[in-house]
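Chain and residue survey
Residues per chain, in single letters:
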Amino acid sequence: MNENDKTPSHFIRDIIINDIKTGKHAAAITRFPPEPNGYLHIGHAKSICLNFGMAQEFYGRCHLRFDDTNPTKEEMEYVESIMQDVKWLGFDWGEHLYYASDYYDQLYEWAIDLIKQGKAYVDDLSAEQVRQYRGTLTKPGKNSPNRERPVEENLDLFERMRAGKFDEGTHVLRAKIDMASPNLNMRDPVIYRIMKASHHRTGDKWCIYPMYDFTHGLSDALEGITHSLCTLEFEDHRPLYDWFLDELDVPCHPRQIEFAPLNMTYTILSKRKLLLLVKKNLVSGWDDPRMPTISGIRRRGYPPEAIRTFVDRIGVAKREGTVDFSLLEYCVRENLNKIASRVMAVINPVKIIITNYPEEKSEELECVNNPEDPPAGTRMVPFSRELFIERDDFMENPPKKFYRLAPGREVRLRYAYFITCNEVIKDKNTGEITEIFCTYDPATKGGDAPDGRKVKATLHWVSAKHALTAEVRLYDQLFSKEDPNDVEEGKDFLSNLNPNSLQILKECRIEPSLSTTKPGDRFQFERLGYFYTDPDSTAEKPVFNRTATLRDTWAKIQKKTES
RNA sequence: UGGGGCGUCGUCAAGCGGUAAGACACGGGAUUUUGGUUCCCGCAUUCGGGGGUUCGAAUCCUCCCGCCCCAGCCA
């Protein structure tokens, strides 16, 4: 950690520092344990940064372990996307790639051990009966009639479960703990169930699969994890996590520590709901740039560094809250401002003609690539008599605070000349402005007036005959409400979908230097925002995604005067 | 009305008995060939509420209030 980095500490770091100070541990060995049943999202990024971050900071390592104990929900596609996403975020698990399914044999032995100790039993109650026997939040449960089955019988039954002699749902293995515990997790939890499903890694070797609670802590112990970091909802599971480790002969006893999961305004971070958006084709896929998935924000153009900074800034605590989306966007802009090359692109073109500029002439003007990064140099951009500017940069009857182009007004074309608007041509039928006639001042080449006169606005532009055509996809919040789950009676979160979250512009005009852009490039389109070259982009038809707009003071002024 | 957590600025979040950090947002101003960036300035006499302990409390005690999680053979 950089001494100058003022990122405040947090309670988990404090715990680890103390464990090292007291000699309990020499290093922090952590793990990121996703279930491969969906794509990772920004909430997982918090966990990833925390786990890998603590390991890095405290001389240890972080394992990537797939918690794959439910073959009916898990797929290889998810395994692959998760690995790609963790790498993209900038983390490396090295040799330490594991799967809970690697431990099935050991887990099975441990289950037998529990049976032999008289601490687990096979139950043939139906799922419905198990539920009834469990009791309620306020009423204790009742012991299953099978609870006192002899060890030998349990061993035999469990072996037959494994051998596939029973149907799904007919038998389970349960830990014998306490049916009267106020913690429901301790009321003889199921630790193995029969699932006649093929597993994405073990195939048909098993027809019984261990449950999360049984698997997780034991896997941690097997890997020598020191600090097992998870989200708040597992707090109630900690006594059970500890119980298995206490009852079995394990290599070590990791400490589970819970922290608050991430929530963000205008965003949904439930795997189930995200899956629904994909299945209903309400988005183009898991990597739709509007999705809060890692693959979505990658395609949107958010840099991994910005995500890491964001996670640092939100902190780690036990208090559950909702982070302002604007903080994420701030981190994205902050990073992009430093690294993105500036280019000129007109996404909503209107033609201007410089009437006193020679018909056939064109010239190359020098433009700065990134004022925040002088070594990035300059490039030449062609200028000619006919240009395109942004439709929004001209108003025939401008309000007081509008200081862009208007009849009779002089403005600067960035890196080019001062121009003055003389005449507006409109379509006779629609009234739409088709052309704007201007004159330029040759003495202002480069954008400075030798006589020191000022203009109030600088516009971006492209030369009509040199410009390339591109598709630009403008993205906005997927949901129009801060809390997408805040809905009227009888409606669900889908009713809060923002109908204008995607706008596709196919006739955008971009400067010729962009002809060589490749998917993954990041740019700032001057005065518009940050853009990312989409994987759909080709040399013939470039496609850009708007990552974020620039901060727009003018839009704010407009909004204020409206209200 | 069982158990487990959590309540400090609009939002995150420090604070660990010595008199409320920081960031985002918001509002003002300066500089600017991006109404961008950068830079200044403002923004909790008060820590969910009431009692108490103490020279001194956001921090300790106590009662109360509010919010979240748990009754999958999901993770």
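So, here is what we can say about the structure in this document. Predicted model, so just to flag it, every value in this text is computed and none were measured. The numbering scheme is per chain: residues are counted from 1 as the chain's sequence reads. Naming scheme: in the order in which they are written, chains are lettered from A and ligands are numbered from 1. Only residues with pLDDT of 70 or above have their local features reported here, since the model is predicted, and side-chain atom pairs are shown and tallied only from 80 upward, although totals for entire chains, interfaces and linings are computed over all residues. The side-chain numbers reported here are obtained from all heavy atoms of the structure, hydrogens and water having been left aside.

1. Brief notes about the overall build of chain A
Rules: Helical segments are the DSSP runs of H or I of at least four residues, strand segments are the runs of E of at least two, and each set is numbered from the N terminus. Here the globule rule reads 2.2 Å times residues to the power 0.38, and the radius of gyration is calculated from C-alpha atoms. Only protein chains enter the accessibility calculation, which uses a 1.4 Å probe; a residue whose area is less than 20% of its type maximum is buried, one above 50% is exposed, and one in between is partly exposed. A positive count includes Lys and Arg, and a negative count includes Asp and Glu. His and the chain ends are not counted in either. Think of each charge as sitting on NZ of Lys, CZ of Arg, CG of Asp or CD of Glu.
Each helix and strand in chain A was counted, giving 13 helices and 25 strands. Relative to the 2.2 N^0.38 estimate, which gives 24 Å for 563 residues, the radius of gyration of chain A is 31 Å and therefore markedly larger than a compact globule would have. The dimensions of chain A, computed from C-alpha atoms along their principal axes, are 100 × 55 × 45 Å. Here chain A holds 563 residues, and the buried ones make up 52% of them. Taking the average place of the 78 positive charges on the side chains of chain A and the average place of its 88 negative ones, the gap between the two points comes to 4 Å.

2. What about the protein's contact with RNA strand B?
Basically, it comes down to this: Any residue with a heavy atom lying within 4 Å of a molecule or strand is counted as near it. Two N or O atoms form a polar contact when they lie within 3.5 Å of each other; inside protein one atom must be a possible hydrogen donor and the other a possible acceptor, and for residues adjacent in sequence the pair counts only when both atoms belong to side chains. All residues other than Ala, Val, Leu, Ile, Met, Phe, Trp, Tyr, Cys, Pro, Asp, Glu, Lys and Arg, Gly among them, are scored as polar; the first ten of these are nonpolar and the last four charged.
Looking at RNA strand B, there are 66 residues lining it, with Tyr403, Arg404, Arg412, Gly446 and Thr553 nearest. In the interface set of RNA strand B, defined as its atoms within 4 Å of the protein, sugar plus phosphate atoms amount to 63%. Contact between RNA strand B and asparagine 337: a sugar or linking oxygen at 3.2 Å from a side-chain N or O atom of the residue. Within the contact set of RNA strand B, a sugar or linking oxygen lies 2.6 Å away from a side-chain nitrogen or oxygen of arginine 412. The element best represented in the surface near RNA strand B is helix α13 (residues 553–562), accounting for 5 residues. In terms of residue class, the surface near RNA strand B is made up of 25 nonpolar, 16 polar and 25 charged.

3. So, the pattern of salt bridges
Rule in force here: Salt-bridge detection follows one rule: a side-chain nitrogen of Lys or Arg within 4 Å of a carboxyl oxygen of Asp or Glu.
Tallying each qualifying case throughout the model produces 41 salt bridges. With a closest N to O distance of 2.7 Å, aspartate 220 and arginine 65 form a salt bridge. Of this pair, aspartate 220 sits in helix α7 (residues 212–222) while arginine 65 is found in strand β2 (residues 61–66), placing the two residues 155 residues apart along the sequence. Across the pair aspartate 287 and arginine 299 runs a salt bridge whose closest N-O atoms are separated by 3.1 Å. Of this pair, aspartate 287 sits in the loop between α9 (271–279) and α10 (294–300) while arginine 299 sits in helix α10, and the two are 12 residues apart along the sequence. Residue classification places arginine 299 among the buried residues on the basis of a relative accessible area of 14%. Through salt bridges that share partners, Asp287, Arg299, Glu471, Arg473, Lys506, Asp534, Asp536 and Lys541 make up one connected network.

4. Description of the nonpolar core
So the rule is basically this: We call a set of buried residues a nonpolar core when its members are Ala, Val, Leu, Ile, Met, Phe, Trp, Tyr or Cys and they connect through side-chain atoms within 4.5 Å of each other. Any two residues whose heavy atoms approach within 4.5 Å at even a single point are treated as in contact.
In terms of nonpolar packing, the biggest core is built from 39 residues, with Val86, Ile307 and Phe310 touching the most fellow members. Elements that contribute at least two residues to this core include exactly α2 (42–57), β2, α3 (76–88), α10, α11 (304–314) and α12 (325–339). The element best represented in this core is α2, accounting for 6 residues. Ignoring sequence-local partners within four residues, the contact set of isoleucine 307 consists of Ile42, Ala45, Trp88, Leu89, Ile297, Tyr302 and Leu328. Counting residues in hydrophobic clusters, the runner-up holds 36 residues, among them Ile115, Met195, Ile208 and Ala221.

5. Some details on the packing of α7 against helix α8 (residues 238–247)
The relative placement of two packed helices comes down to the angle between their axes together with the axis-to-axis distance. Worth spelling out the cut-off: All axes here are fitted lines through C-alpha atoms, helices being fitted over the stretch that makes contact, and every angle between N-to-C directions spans 0 to 180 degrees. Our angle categories are set so that under 35 degrees counts as roughly parallel, over 145 as roughly antiparallel, 65 to 115 as roughly perpendicular, and the remainder as oblique. Helix crossings get a hand from a simple test, with the near helix turned counterclockwise from the far one by less than a right angle marking a left-handed crossing and a clockwise turn marking a right-handed one.
Between α7 and α8, the shortest axis-to-axis distance is 9 Å and the interhelical angle comes to 60 degrees. Taken together, the axes of α7 and α8 are oblique relative to one another. Handedness of the α7/α8 crossing: right-handed. Facing α7, whose interface residues are Asp213, Phe214, His216, Gly217, Leu218, Asp220 and Ala221, α8 presents Leu240, Tyr241, Phe244 and Leu245. In terms of residue class, the contact of α7 with α8 is made up of 7 nonpolar, 2 polar and 2 charged.

6. Observations concerning the sheet that holds strand β6 (residues 190–194)
Keep this limit in mind: In this analysis, strands are considered paired if DSSP registers two or more bridges between them.
As summarised here, the arrangement of the 4 strands in space is β4-β5-β6-β7, forming an open sheet in which the pairing is antiparallel. With partners counted over all chains shown, the strands left at the sheet margins are β4 (120–123) and β7 (208–210), one partner each. On average, each strand axis in the sheet is tilted by 20 degrees relative to the strand beside it, whichever way the strands run. Direction of pairing for strand β5 (residues 172–175) relative to β6: antiparallel, over a ladder of 3 bridges. When the bridges of β6 are listed, arginine 174 appears paired with valine 190. In the packing of helix α4 (residues 104–116) onto the sheet, contacts are made with β4, β5, β6 and β7, and the angle to β6 comes to roughly 120 degrees.

7. Things to note about the environment of threonine 517
Note that threonine 517 resides in the loop between β22 (502–510) and β23 (522–525). Sequence-wise, threonine 517 and aspartate 102 are 415 residues apart; in three dimensions their C-alpha atoms are separated by 44 Å. With residues up to four places along the chain from it excluded, the contact list for threonine 517 reads Phe523, Thr533, Pro542 and Phe544. Looking at threonine 517, its side chain comes within polar contact range of the side chain of aspartate 521, at 3.0 Å. A distance of 2.7 Å separates polar atoms of two side chains, one belonging to threonine 517 and the other to threonine 533.

8. Examining the side chain of arginine 187
Tracing the backbone through its elements, the reader meets arginine 187 in the loop between β5 and β6. For the buried arginine 187, no salt bridge exists, and the shortest N-O distance to an oppositely charged side chain is 7.6 Å, to aspartate 178. Of note is the side chain of arginine 187, whose polar atom sits 2.8 Å from the backbone oxygen of lysine 139. A distance of 3.5 Å separates the side chain of arginine 187 from the backbone oxygen of methionine 179, its partner in a polar contact. If we skip the residues at most four places from it in the chain, arginine 187 touches Arg134, Gly135, Thr136, Lys139, Pro140, Gly141, Arg174, Asp178, Met179, Ala180, Ser181 and Pro182.

9. Some details on the pairing of β23
In this structure, strand β10 (residues 341–343) lies alongside β23, joined through 3 bridges in parallel fashion. For arginine 342, the partnering residue across the bridge sits in β23 and is glutamine 524. Where β23 meets strand β24 (residues 529–533), 4 bridges bridge the pair, whose relative direction is antiparallel. Looking across to β24, one finds that glutamine 524 is bridged to tyrosine 530. Where β23 folds back on β24, the antiparallel hairpin that results is connected by 3 residues, among which arginine 527 adopts a positive phi of roughly 70 degrees.

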